[in-house]
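Topology and contacts: notes
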Amino acid sequence: MNKEIRCFYQEKYIEGFPLGSTIQSKTKGIWMWCVPHPCKPGHTLVLLDTEGLGDVEKGDSKNDAWIFCLAVLLSSNFVINSIGTIDQQAMEQIHYVTELTKRIKIKSNPNEKEDESGEFKRIFPTFTWCVRDFSLDLELDGKEVTEDEYLMNSLKLKQGVGNKINDYNLPRECILHYFHSHKCFVFERPASSKKLRNLEQLEEKELEEDFVEQTKKFCNYMFKHGNVKTLSGGLIVTGRMLGNLTTTYINTIQSGSVPCMENAVLALSMIENTGAVQDALAKYGADMNQQAQRFPTETLEEFLHIHRECEKEAIKVFLGRSFNDEDQNYQKELKNLLDQRMKTFSEQNEKVSADLCQSLILELSANLENGISQGYYSKPGGHKMFLAEKLNVIESYNTRPKKGLKISKTVKDIMHASLQSMTAEAANIAIAQMALTWASSSKHVQ
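Here the residue numbering is sequential within each chain, running from 1 through the sequence in written order. Reporting of local features is limited, given that this is a predicted model, to residues whose pLDDT is at least 70; pairs of side-chain atoms are given and counted only at 80 or more, and all residues count toward the totals for whole chains, interfaces and linings. Values reported for side chains reflect all heavy atoms of the structure, with hydrogen atoms and water molecules removed beforehand.

As recorded in an unreviewed UniProt entry, the protein chain goes by GB1/RHD3-type G domain-containing protein and comes from Hymenochirus boettgeri. Turning to the protein chain, the UniProt record has this under Sequence similarities (unreviewed entry): "Belongs to the TRAFAC class dynamin-like GTPase superfamily. GB1/RHD3 GTPase family." UniProt positions are given in the numbering used here, feature names are shortened, and annotations may be inferred rather than shown by experiment.

Okay, here's the thing in structure tokens:
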């Protein structure tokens, strides 16, 4: 498959796809147009417009088959249009439908005896045939019929055997067998030949009334009854997932392989679940960083409560994006990573507590330290004063609120080191006081 097959998001044409008024094909590859769904809030309507099948300017006719297959793979509602009537020529123009099972696989390693054809109907999109410039009466054997009855009559199989009958029946069998529902709309010519050249600029009042009415009927049906794009298991496809699916299918085709739905889902599962883990970790990190502004917590249980609440929100984010995590391997990975992040935040919480406690000890013992450095306690009775001040420091420290984790080993070490220092100073002061007392008493011994 050459590089002509690609997807474009057309921001330029905010009112729709360009129609073109020349004999040259306007659309190349597949063009994508995204708009908010007019009837389903929270949904996006994604329109894919493929280049015309059988374009004479193509360098490789195989592109048509791949474009056809790619459109089927990406769509939830597949619409094909032809001009005039649904006749044998129209059937021959969409013969690509007969190649679907050759160019699309359901499973990577199907059982040799397993017939996958029935699976296509369950997974493939709905099928709608639009007949443009239709000018005939919808009658069969003198009886008026509906558009759907007209389509189903056109899809009737011929009885008998032989190559001609097989060629006649094959595309019809594929349409009936691969697509789970079938719908038809016929449209009269929208305007006269002269006006058609400027169809994009025409206002609705300048179009044929019957055409406008039928167009509204078609749009209303698609808006109200069109299926949401889903994967096996009923998973609803988001815009991001559709982009990843498109990339996966195109890369597979360009590599010369046949797109496999099972492999595509597995690849998408890996991408989405990996992304879900990263989104969940980002959510946890953001929430915990916000909570960290309140660190330190008074107790370990308070910290664990914060962690559990943030973990709960992170898991919600993960479950909102993940899918096909049957063995919960990605969820287990997330749990391990969250535990690691929790440990980091726990250490941060303890460090804030330790720093706060150290600052508090320095603040409360400042007067005591100044008294020691200035020799205030190196006098008779100084040792008793020193011990009283030290007890006051310890009591103030113990009763001061919001110090953080009281069970923190680091905090205990800080307090122990400070007390040890004070004890050493107390011993020095006691010795100095004894020396002063001895010196004072020796003056009176003559």
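1. Section: the overall build of the protein chain
Counting its regular elements, the protein chain contains 15 helices and 10 strands. Expressed as a percentage of the 446 residues in the protein chain, the buried residues total 37%. A 1.4 Å probe and the Shrake-Rupley method give the accessible areas. Residues count as covered only by the protein chains that appear here. Surface summary for the protein chain: the accessible area is close to 26600 Å², and the carbon and sulfur share equals 51%. Secondary structure elements follow DSSP: runs of H or I of four or more residues count as helices, runs of E of two or more count as strands, with numbering from the N terminus. Classification of residues uses two cut-offs on accessible area relative to the type maximum, computed with a 1.4 Å probe and protein chains only: under 20% is buried, over 50% is exposed, and between them is partly exposed.

2. Here we look at the pattern of salt bridges
Think of a salt bridge as a Lys or Arg side-chain nitrogen and an Asp or Glu carboxyl oxygen that are within 4 Å of each other. For the coordinates displayed, the defined rule picks out 16 salt bridges. A salt bridge links E204 to K216, with the nearest nitrogen and oxygen atoms 3.4 Å apart. Of the two residues, E204 sits in the loop between α7 (193-196) and α8 (209-225) while K216 sits in helix α8, which places them 12 residues apart along the sequence. Here E272 makes a salt bridge to R321, at a shortest N to O gap of 3.0 Å.

3. Focus: unusual backbone geometry
The step from F295 to P296 runs through a cis peptide bond, and the omega angle for that step is 5°. For D133, which is not glycine, the phi dihedral falls at a positive 50°. Tracing the chain through its elements places D133 in the loop between β5 (126-132) and β6 (139-140). Taking the relative accessible area as the measure of exposure, D133 reaches 26% and is therefore partly exposed. Positive phi, close to 55°, is recorded for Q328, a residue that is not glycine. When you line up the elements, Q328 lands in the loop between α11 (300-321) and α12 (329-364).

4. Re the packing of helix α13 (residues 366-373) against helix α14 (residues 382-399)
Here α13 crosses α14 at 155°, and the two axes come no closer than 9 Å. By the angle between their directions, the pair α13 and α14 is classed as roughly antiparallel. Viewed along their axes, α13 and α14 form a crossing whose handedness is left-handed. Taken together, the residues of α14 that come into contact with α13 (itself represented by N367, L368 and I372) are F386, E389, K390 and V393. Considering only residue class, the contact of α13 with α14 consists of four nonpolar, one polar and two charged. To obtain each axis, a line is fitted to C-alpha atoms, and for helices this fit is confined to the stretch in contact; angles are then taken between N-to-C directions over 0 to 180 degrees. Put simply, angles under 35 degrees are roughly parallel, angles over 145 are roughly antiparallel, angles from 65 to 115 are roughly perpendicular, and the rest are oblique. Two helices crossing with the near one rotated counterclockwise from the far one by less than a right angle form a left-handed crossing, whereas a clockwise rotation gives a right-handed crossing. Whether two residues are in contact is decided by their heavy atoms: any pair within 4.5 Å suffices. Nonpolar residues are Ala, Val, Leu, Ile, Met, Phe, Trp, Tyr, Cys and Pro. Charged residues are Asp, Glu, Lys and Arg, and all others, Gly as well, are polar.

5. Side note on the pairing of strand β4 (residues 77-83)
Of the two faces of β4, only one is covered, namely that formed by F78, I80 and S82; the face formed by N77, V79, N81 and I83 stays uncovered. If DSSP finds at least two bridges between two strands, the strands pair. Sheet topology places β4 next to β5; seven bridges connect them, and they run parallel. When the bridges of β5 are listed, N81 appears paired with C130.

6. Here's the deal with the sheet that holds β5
Pairing in this open sheet of three strands is parallel, and the strands run β4-β5-β8 from one edge to the other. Both edges of this open sheet fall to β4 and β8 (182-186), since each of them pairs with a single strand only. Within this sheet the neighbouring strands show an average axis-to-axis angle of 20°, counted without direction. As paired elements, β5 and β8 share five bridges and run parallel to each other. Bridging across to β8, F127 finds its partner in H182.

7. Structural notes on the packing of aromatic side chains
For Phe, Tyr and Trp, rings pair up if their centres lie within 6.5 Å, where Trp contributes its six-membered ring, and each pair is then called stacked (planes under 30 degrees apart), edge-to-face (over 60) or tilted (otherwise). Enumeration over the complete set of coordinates arrives at 17 aromatic pairs. When the centroid spacing of 5.1 Å and the interplanar angle of 50° are considered together, the rings of F127 and F179 count as tilted. Of the two residues, F127 sits in strand β5 while F179 sits in the loop between α6 (163-178) and β8, which places them 52 residues apart along the sequence. Of the two residues, F127 and F179, neither departs from the other in class, the shared state being buried. Grouping aromatic residues by their ring pairs yields a cluster made of F68, F78, Y96, F120, F124, F127, W129, Y178 and F179. The ring of Y221 carries K183 above its face, with NZ or CZ at 4.9 Å from the centroid. To sit over a ring, a charge needs its Lys NZ or Arg CZ within 6 Å of the ring centre and within 35 degrees of the ring normal.

8. Considerations on the state of the cysteines
Cysteine sulfur atoms are paired as a disulfide whenever they fall within 2.5 Å. Tallying each qualifying case throughout the model produces zero disulfides. This cysteine, C130, is not joined by any disulfide, and C184 carries the nearest cysteine sulfur, 7.4 Å off. The exposure class assigned to C130 is buried, which follows from its relative accessible area of 6%.

9. Here we look at the side chain of S75
Structurally, S75 is set in the loop between α1 (62-74) and β4. In this view, S75 contacts L48, P125 and K229; residues no more than four positions away in its chain are not counted.

10. Some remarks on a negative patch on the surface
Patches draw on residues past 30% relative accessible area with no salt bridge. Two like charges within 9 Å are joined, as are two nonpolar side chains (Val, Leu, Ile, Met, Phe, Trp, Tyr) within 5 Å. Positive charges come from Lys and Arg, negative ones from Asp and Glu, while His and the chain ends are left out of the count. By convention, the charge on Lys lies at NZ, on Arg at CZ, on Asp at CG and on Glu at CD. The grouping of E188, E208, E209, D210 and E213 at the surface amounts to a negative patch. Within the secondary structure, E213 is located in helix α8.

11. Some details on helix α5 (residues 147-154)
Of all the residues in α5, the buried ones are E147, Y150, L151 and S154. Take α5 and look down its axis: the buried residues cluster within an arc of 95°, on one side only. Turning to α5, the residues buried within the fold contact α2 (88-93), β5, α6, β8 and α8. Here, the arc refers to the directions that run from the helix axis to the C-beta atoms.

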